[in-house]
Amino acid sequence: MFSSKQQQEIFIERFGNIQLYLKQYCLKPAEDPLHKLRVEIKKLRAIGRFIDDCNNNRVITNALKAVTSIFRQAAQIRSIHIHIKLTHKLSGKKFRAEQLKLQQQREVLFVSKQARFTRQLKKAESKLLLKTESIKRKAIEKWYTQNLKKAYSRVKAGESKF
């Protein structure tokens, strides 16, 4: 059984990490805290989808919409970081300058929303803590069985389907 208390502990830990990396990034915008912020949100979303799949609903996923919004806004900045790294040797100075300017604009916008993001995270966390319910072992086994069958059929279908 995956108890409500266990789920709450996971949510508390993930939200704590997200808030930590958000603060770190807003104090000093850098790639690493932004990347870690996005990874924590991915982990939170993954556990949320798992819980929703086991409970046959979308309660957790719907409560995480505000967090997904933060994830997408951080993705815009992260994409620019990656573009600059990938095109460092290939791009001209003008392109690089434009990308750096765009990055700085998006960073300023993102940092200016820190207070709003913090409120959204706290609200989402409190919603999630109230909406957790224990998941029976049979539901978890059913979820694993279904996903193993899906994975097997994709592997069997060939590389293009996988």
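Details of the structure are given in the entry above.
Conventions we followed
- Residues numbered from 1 in each chain as written.
- Predicted model: local features only at pLDDT ≥ 70, side-chain atom pairs only at ≥ 80, totals over all residues.
- Heavy atoms only, no water.
- Core = buried A, V, L, I, M, F, W, Y, C linked by side-chain atoms within 4.5 Å.
- Buried < 20%, exposed > 50% of the residue type's maximum accessible area, 1.4 Å probe, protein only.
- Helix = DSSP H or I, 4+ residues; strand = E, 2+ residues; numbered from the N terminus.
- Phe/Tyr/Trp six-rings, centres within 6.5 Å; stacked < 30°, edge-to-face > 60°.
- Lys NZ or Arg CZ within 6 Å of the ring centre and 35° of its normal.

A.B. asks: Looking at this structure, how should I read the nonpolar core?
C.D. replies: It is characteristic of soluble globular proteins that their nonpolar side chains tend to be buried jointly. By size, the foremost hydrophobic cluster in this structure holds 32 residues, and its most contacted members are Phe 11, Phe 15, Leu 37, Phe 50, Ile 51, Val 67 and Phe 110. Within the residue set of this core, elements represented by two or more residues are α1 (4-27), α2 (31-55), α3 (59-63), α4 (65-86), α6 (114-131) and α7 (137-157). By residue number, the principal contributor to this core is α2, which donates 8 residues.

A.B. asks: What am I meant to see in the packing of aromatic side chains here?
C.D. replies: For any pair of aromatic rings, the description rests on two quantities: the centre-to-centre distance and the angle between the ring planes. With the rule as written, the count across this model stands at 6 aromatic pairs. Both rings, one in Phe 50 and one in Tyr 144, keep their centres 6.4 Å apart while their planes meet at 50°; by these two values the pair is tilted. Here Tyr 144 lies in helix α7 and Phe 50 lies in helix α2, a separation of 94 residues in the sequence. Judged by relative accessible area, which is 47%, Tyr 144 ranks as partly exposed. Look at Trp 143 and Tyr 144: their rings are 4.9 Å apart centre to centre, the planes differ by 80°, and that puts the pair in the edge-to-face class. Residue Trp 143 is classed as buried on the basis of its relative accessible area, which comes to 18%. Here a set of aromatic residues connected by ring pairs shows up, and it is made of Phe 2, Phe 50, Trp 143 and Tyr 144. Over the ring of Phe 71 we find Arg 38; its NZ or CZ atom is 4.1 Å from the centre of that ring. In this structure, Arg 45 packs its charged tip against the face of Phe 71, placed 4.8 Å from the ring centre.

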